[in-house]
Amino acid sequence: MIHKFIKGTNPNRPTLLLLHGTGGDENDLIPVGKMIDQEANLLTVRGEVIENGMPRFFRRLAPGVFDEQDLMYRTSQLHDFIDQASKTYDFDRGDVIAVGYSNGANIAANMLMQIPYSLRGAILMHPMLPRKDDQIPELKNTSILITAGNNDPIVPLESTKALKEALNRHGANVSLSWFKFGHKLSSEEIQVIIKWYQQSLVDHTKHLN
Ligand code: MLT
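Quick look at the structure, then. (Residues numbered from 1 in each chain as written. Predicted model: local features only at pLDDT ≥ 70, side-chain atom pairs only at ≥ 80, totals over all residues. Heavy atoms only, no water.)

Ordered in space as β1-β3-β2-β8-β9-β10-β11, the seven strands form an open sheet in which the pairing is mixed. Every interior strand has two partners, whereas the edge strands, β1 (3–6) and β11 (173–179), have only one. Ignoring which end each strand starts from, the neighbouring axes of this sheet average 15° apart. Where β1 lies against strand β3 (residues 41–45), four bridges are found, and the strand directions are antiparallel. The residue of β3 that forms the bridge with phenylalanine 5 is leucine 43. Packing against the sheet, helix α5 (residues 187–200) makes contact with β2 (15–19), β9 (121–125), β10 (143–149) and β11, and its axis sits at approximately 170° to β10. (Pairing = 2+ DSSP bridges. Helix = DSSP H or I, 4+ residues; strand = E, 2+ residues; numbered from the N terminus. Axes fitted to C-alpha atoms, helices over the stretch in contact; angles between N-to-C directions. Contact = heavy atoms within 4.5 Å.)

Here you go:
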């Protein structure tokens, strides 16, 4: 997959897996990744599906209606890519945090729902429930932040809530924060993400040595 790996300066920090929205590419979320953790590794990937010239991570049949077979196939492919990248770039595969926006948040949510131990945590910005499934793996010790718009024209409120409930039901620690800027990422949202990340995902005990 087309990607960039930016090595972090602190080996105790996780690897942030950056997943862009529809029409974006691997460069989009680098500034956000650096704001979240300037010392972490960044692995940023471009979606391989092209819809009217716009890269995405999986096919959709209509806005908000996903090709579930393709979603599951692309999710496994992305998962395999992370496994491979952890060997190529020598990072801890067990310490990967997805940071996804919109379509990228949806494939990250689906990875949590489809593949056990795929991610240690996730920051899902404006996601929806990617598919209905009760066969979700155990998600104990998985920390997830969902940020959403309470007036998002693309993501219905019910879909955000259904995603939170599905992840919670299977043991994940899920926080949900609402904003009022539609489908857009706001600086207010980034500040909430940074605070949550520092409180929930940075293991302070590691820094005592
Ligand atoms: C999707 O297709 O994943 C969602 O509708 C969000 C988007 O527009 O990319």
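On we go.
In the vicinity of the ligand, the contacting residues are Thr22, Arg56, Phe58, Arg60, Gly64, Phe66, Ser102, Asn103, Asn106 and Ile154. Within the side chain of arginine 56, one N or O atom sits 2.8 Å away from an oxygen atom of the ligand. Within the side chain of arginine 60, a nitrogen or oxygen atom sits 3.2 Å from an oxygen atom of the ligand. Compared with its free state, where it exposes 260 Å², the ligand has 94% of that area covered by protein. The residue makeup of the shell around the ligand, split by class, is three nonpolar, five polar and two charged. (Near = heavy atom within 4 Å. Polar contact = N/O pair within 3.5 Å; in protein donor to acceptor, adjacent residues only side chain to side chain. Areas by Shrake-Rupley, 256 points an atom, 1.4 Å probe, with all protein chains shown as cover. Nonpolar A, V, L, I, M, F, W, Y, C, P; charged D, E, K, R; others polar.)

A few words now on the packing of aromatic side chains. In total, this model carries three aromatic pairs according to the counting rule given. A centroid spacing of 5.7 Å and a plane angle of 15° characterise the contact between phenylalanine 5 and phenylalanine 91, whose relative ring orientation is stacked. Placement of the pair is phenylalanine 5 in strand β1 and phenylalanine 91 in the loop between α2 (68–88) and β8 (96–101), with a sequence separation of 86 residues. No difference in accessibility class separates phenylalanine 5 from phenylalanine 91, as the two residues are buried. Put simply, the rings of Phe5, Tyr89 and Phe91 pair up and form one aromatic cluster. Directly above the ring of phenylalanine 58 sits arginine 56, whose terminal nitrogen or CZ lies 5.1 Å from the centroid. (Phe/Tyr/Trp six-rings, centres within 6.5 Å; stacked < 30°, edge-to-face > 60°. Buried < 20%, exposed > 50% of the residue type's maximum accessible area, 1.4 Å probe, protein only. Lys NZ or Arg CZ within 6 Å of the ring centre and 35° of its normal.)

This structure, assessed with the given rule, holds nine salt bridges. Arginine 13 is the salt-bridge partner of aspartate 37, the closest N and O atoms lying 2.9 Å from each other. You can see aspartate 37 sitting in the loop between α1 (30–36) and β3 and its partner arginine 13 sitting in the loop between β1 and β2, a full 24 residues away along the chain. Across the pair, arginine 13 and aspartate 37 agree in class, each one buried. (Salt bridge = Lys/Arg side-chain N within 4 Å of Asp/Glu carboxyl O.)

Checked against the element boundaries, histidine 183 lands in the loop between β11 and α5. On the basis of relative accessible area, histidine 183 is assigned to the buried category, the value being 12%. Within the structure, the side chain of histidine 183 is placed 2.7 Å from the side chain of serine 102, a separation counted as a polar contact. When residues no more than four places from it in sequence are discounted, the contact partners of histidine 183 are Tyr101, Ser102, His126, Asp152, Pro153, Ile154 and Val155.

The subject of this paragraph is the nonpolar core. In globular proteins that are soluble, nonpolar side chains generally tend to be buried together. Leu17, Leu124, Ile144 and Leu167 are the most contacted members of the largest nonpolar core, which totals 39 residues. Where this core is concerned, the elements lending two or more residues are β2, β3, α2, β8, α3 (103–114), β9, β10 and α4 (157–169). At seven residues, the largest contribution of residues to this core is made by α3. Residue contacts for isoleucine 144: discarding those within four places in its chain leaves Leu112, Ala122, Leu124, Leu167, Ala172, Asn173, Val174, Ser175 and Trp196. The next biggest cluster of nonpolar side chains, apart from the first, holds 21 residues, and it includes Val32, Leu42, Ile190 and Ile194. (Core = buried A, V, L, I, M, F, W, Y, C linked by side-chain atoms within 4.5 Å.)

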